[in-house]
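Structural description and commentary
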Amino acid sequence: MLEGGRLMLALEGVSKDYKVGTFGGKRLRAVNEVSFGVATGEVVSLIGESGSGKSTIGRMVLGLSRATAGTISFDGRDVAQLAKTGPRTYYADVQGVFQDPFSSYNPIFKADRVLTLVKGFFPGIGRSDWDEKVEAALQAVRLEPGACLGKYPHQLSGGQLQRMLIARALLLDIKLLVADEIISMLDASTRIDVLNLLGDLKERGVGILFITHDLSLGNYISDTTLILRRGRIVEMGATEEVYGKPAHPYTQMLLTSVPHLTERWDPGTHAPVMAGEGTEAEDGDAPLIRLTDDHFAAIRGDT
Ligand code: ADP
Ligand code: MG
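Residues numbered from 1 in each chain as written. Chains lettered and ligands numbered in written order. Predicted model: local features only at pLDDT ≥ 70, side-chain atom pairs only at ≥ 80, totals over all residues.

**Points about unusual backbone geometry**
Definition in use: Comment: elements are numbered from the N terminus, with helices defined as DSSP H or I runs of at least four residues and strands as E runs of at least two. The exposure scheme places C-beta atoms from the backbone and then counts, for each residue, the other C-beta atoms within 10 Å of its own, assigning buried at 20 or more, exposed at 12 or fewer, and partly exposed in between.
A positive phi angle is found at R142, which is not glycine, with a value near 55°. By the secondary structure assignment, R142 is in the loop between α5 (127-140) and α6 (145-148). A count of 13 C-beta atoms within 10 Å places R142 in the partly exposed class. Positive phi, close to 45°, is recorded for R230, a residue that is not glycine. You can see R230 is positioned in the loop between β9 (224-229) and β10 (232-238). What makes R230 partly exposed here is the crowd of 19 C-beta atoms within 10 Å.

What follows is the structure in structure tokens.
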């Protein structure tokens, strides 16, 4: 946990099974006994390949899907319960932004409807006070009000739509943001802006669960890193420890397959790696053991 932060979000032994198969007779364990926390002002990166269970975790944290086992609590209260009985209160504190910004907008309405829809959270607010709040939120995400208000989603870029969703989170003065692959769809120049924006949120004390399949993005922004493999956390800890001294073979493999921007591609040293298949990374079933105060890995203690 981040020093000086206060734990807000806590997952304990969380699992999720999906019913699969024609008649739903089979079960797929998408998330397997995952435990971690997010503190105020802490950025926690949840890193894993496609299908490792990242979005399932994000959806459960947002109360959009229920855990099969384990508990998820926010400020000491059960999230599934909060999302059911007091969604308005919960979503005033916790918001999600997802990979495809277009999917969060209805193409037949103007894009800024995502902002006006949260006006209900401020009963009795006057028109000019509201306009001021909107303007401040847009400025914080470096959107020119004139360039984005009154426009339809198709008239705005992916980056602009993404920022407007973050502006909505700011309007609500949220405590926790779940950001699920929000950078993936953006072009390189916008990426760094949105990452820096997340840094601004962190400065304001917002906790961020930053979900990505891209290790280089996690390193840029996060205090704490979780490596997820087939629904299990195989390594977690302070970002500099996980990146600096990766202990699990799977983390090591992921790190060696990240291209270094200063290097040129060389077929000899960067042969394509089929991530996650077989190899020596079968230690994922071992329990997490403590390597240092702030570093855990699912490796056999005697190896
Ligand atoms: P990620 O976000 O890491 O790519 P997901 O959480 O989306 O992974 O998916 C984890 C696993 O659960 C995958 O095998 C996926 O196919 C499966 N899965 C996700 N959502 C559902 C669902 N609604 N029904 C059945 N299986 C699902
Ligand atoms: Mg996903």
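**Comments concerning the pairing of strand β7 (residues 176-180)**
In the case of a regular strand, side chains alternate between the two sheet surfaces. Note the threshold: Only strands joined by at least two bridges in the DSSP assignment are considered to pair.
In terms of burial, β7 is largely enclosed, as 5 of its 5 residues are buried. Burial of β7 is two-sided: the residues L176, V178 and D180 facing one way and the residues L177 and A179 facing the other way are all buried. Sheet topology places strand β6 (residues 94-97) next to β7; 4 bridges connect them, and they run parallel. Counted as the bridge partner of G96 is V178 from β7. By the bridge criterion, 5 bridges tie β7 to strand β8 (residues 207-212) in an arrangement that is parallel.

**Here we look at the pairing of β10**
For β10, the tally of buried residues reaches 6 of 7 residues, placing the bulk of the element in the interior. Where β9 hands over to β10, the hairpin turn is made up of 2 residues, of which R230 adopts a positive phi near 45°. As defined by bridge partners, β10 adjoins strand β12 (residues 295-297) across 3 bridges and the pair is classed as antiparallel. Bridge pairing links G237 to H295 in β12.

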